[in-house]
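# Remarks on the overall topology
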Amino acid sequence: MKVLIVFACLLVATSAHLCLLSPRQRGSMMGINKPGATDCILLKGPCGERTGMPTTGVKAGTNFTVLIQKNLDHWDKATPGYFTVSWGLSETSMTMIAKVQDNGEPSLYIYEVEVTAPKSLNDHYIMQVTYVTMNKQAPPVFYQCADFGVY
Ligand SMILES: *[C@@H]1O[C@H](CO)[C@@H](O)[C@H](O)[C@H]1NC(C)=O
C-alpha cells in the first residue's frame, strides 16, 4: 500500500513541467536540458511564489519572441491542454495576450510565440506563462513569470 502511494506521488511530481526561457524566468533555471527540471515545476499561481525584477527591456509596440519550453510532456490526446502568455503591471491583474495549443510536442520542445510589446512605457511589467495540462494525471496548471521593462 505504502509503495502504491509513493508511486502515485512520483507520477504526479513528474508530470508536465514548464520553463520560460525568454524573457528569462524568475529564479534559477537549472538542468533545463533534461525533462523534469526542478525549476520548472511551479504549481502555485500566479507566479509560483517567486519574485523578480526586470532583466530585460523592450521597445514599446515592437514585436518580440517569447520562448516557452515544455520541459516535460504530459499530453492527453482525449483532452489536450494549452499554454497561455499574459502580462500586466501586477501579479493580480494580467491580460492574456496569446494562447498556444498543446499538440503533443515532445518533452523539451520550445514554443516560439511572437507578441507585440505594450504601448505604455513602464519599467516593470510582469509576464506570466502557464501550461494548462487538462490531464487528470497531472497538476492542472504550471506557472512561470518573468519581468521586463517597456521603454
Ligand atoms: C507582430 O506580431 C503580430 C502578432 O503576433 C503579428 O500579427 C504582426 O504581423 C507582427 N508584425 C511584424 C512587423 O512582424
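### Section: the nonpolar core
- With 23 residues, the main nonpolar core has Phe64, Val66 and Ile68 as its most contacted residues.
- Put simply, the parts of the chain that give this core at least two residues each are strand E1 (17-22), strand E3 (63-72), strand E4 (82-90), strand E6 (109-116), strand E7 (122-132) and strand E8 (141-150).
- Residue contacts for phenylalanine 64: discarding those within four places in its chain leaves Pro23, Val58, Trp87, Val113, Glu114, Val115, Ala117 and Met127.

### Observations regarding the pattern of salt bridges
- Under the criterion given, the structure shown has 6 salt bridges.
- Of the charged contacts, one joins arginine 26 and glutamate 91 as a salt bridge, the two residues approaching to 2.8 Å between their closest N and O atoms. Taken together, the positions of arginine 26 in the loop between E1 and strand E2 (56-58) and glutamate 91 in the loop between E4 and strand E5 (93-101) put the pair 65 residues apart, joining distant regions of the chain.
- Judged by relative accessible area, arginine 26 falls into the buried class, the value being 5%.
- Notably, a salt bridge pairs aspartate 73 with lysine 70, separated by 2.7 Å at the nearest N-O pair.
- Salt bridges linked by common partners bring Arg26, Glu91 and Asp147 together as one network.

### Brief notes about the sheet that holds E4
- Strand order in the open sheet made by the 5 strands is E2-E8-E7-E4-E5, with mixed pairing throughout. What marks the edges here is a single partner per strand, and that holds for E2 and E5. Within the sheet, the average angular offset between the axes of one strand and its neighbour, ignoring direction, is 35°.
- Examined bridge by bridge, E7 and E8 share 9 bridges and lie antiparallel to one another. Across the sheet, residue valine 129 finds its bridge partner in E8, namely glutamine 144.

### Description of the site of the ligand
- Neighbouring the ligand are the residues Asn63, Glu114 and Thr116.
- Between an oxygen atom of the ligand and a side-chain N or O atom of threonine 116, the distance comes to 3.5 Å.
- The protein chains hide 31% of the 360 Å² of surface that the ligand would expose on its own.

### So, the sheet that holds E3
- Taking strand neighbours across the sheet as the criterion, the 3 strands line up as E1-E3-E6 in an open arrangement whose pairing is antiparallel. Strand pairing shows two members of the sheet lacking a second neighbour, E1 and E6, which therefore form its edges. Direction aside, neighbouring strands of the sheet carry axes that sit 30° apart on average.
- Where E1 lies against E3, 5 bridges are found, and the strand directions are antiparallel. Considered in E3, the bridge of histidine 17 is made with leucine 72.

### Quick notes on the environment of threonine 133
- Its place among the elements puts threonine 133 in the loop between E7 and E8.
- For the pair threonine 133 and valine 150, spaced 17 residues apart in the sequence, the C-alpha separation amounts to 31 Å.
- Not counting chain neighbours up to four residues away, the residues in contact with threonine 133 comprise Ala16, Thr79, Pro80, Gly81, Ala138, Pro139, Pro140 and Phe142.
- Reaching out from threonine 133, the side chain makes a polar contact with the backbone oxygen of proline 139 at a distance of 2.8 Å.

What counts and how
Per chain, the residues get numbers from 1 upward, laid out in the order the sequence is written. Per-residue local features of the predicted model are confined to residues with pLDDT of at least 70, and side-chain atom pairs are confined, for both listing and counting, to 80 or more; whole-chain, interface and lining totals are unaffected and use all residues. Calculated side-chain values reflect all of the structure's heavy atoms, with hydrogen atoms and water omitted. By convention a nonpolar core is built from buried Ala, Val, Leu, Ile, Met, Phe, Trp, Tyr and Cys residues, the set being connected through side-chain atoms within 4.5 Å. Using a 1.4 Å probe on the protein chains alone, a residue whose accessible area is under 20% of its type maximum counts as buried, one over 50% counts as exposed, and one in between counts as partly exposed. Put simply, DSSP marks the helices as runs of H or I at least four residues long and the strands as runs of E at least two long, and each gets a number from the N terminus on. Residue contacts are counted whenever heavy atoms from the two residues lie within 4.5 Å of one another. For salt bridges, the criterion is a side-chain nitrogen of Lys or Arg within 4 Å of an Asp or Glu carboxyl oxygen. For two strands to pair, DSSP has to find at least two bridges joining them. Each axis is a line fitted through C-alpha atoms, and for a helix only the stretch in contact is used; angles between axes span 0 to 180 degrees, taken between their N-to-C directions. Near, as used in this document, describes a residue that has one of its heavy atoms within 4 Å of the molecule or strand being considered. Pairs of N or O atoms are called polar contacts if they sit within 3.5 Å, as long as, within protein, a hydrogen donor faces a hydrogen acceptor (for residues adjacent in sequence, only side-chain-to-side-chain pairs). To measure how exposed things are, a 1.4 Å probe is used in the Shrake-Rupley method; for residues, cover is taken only from the protein chains shown.

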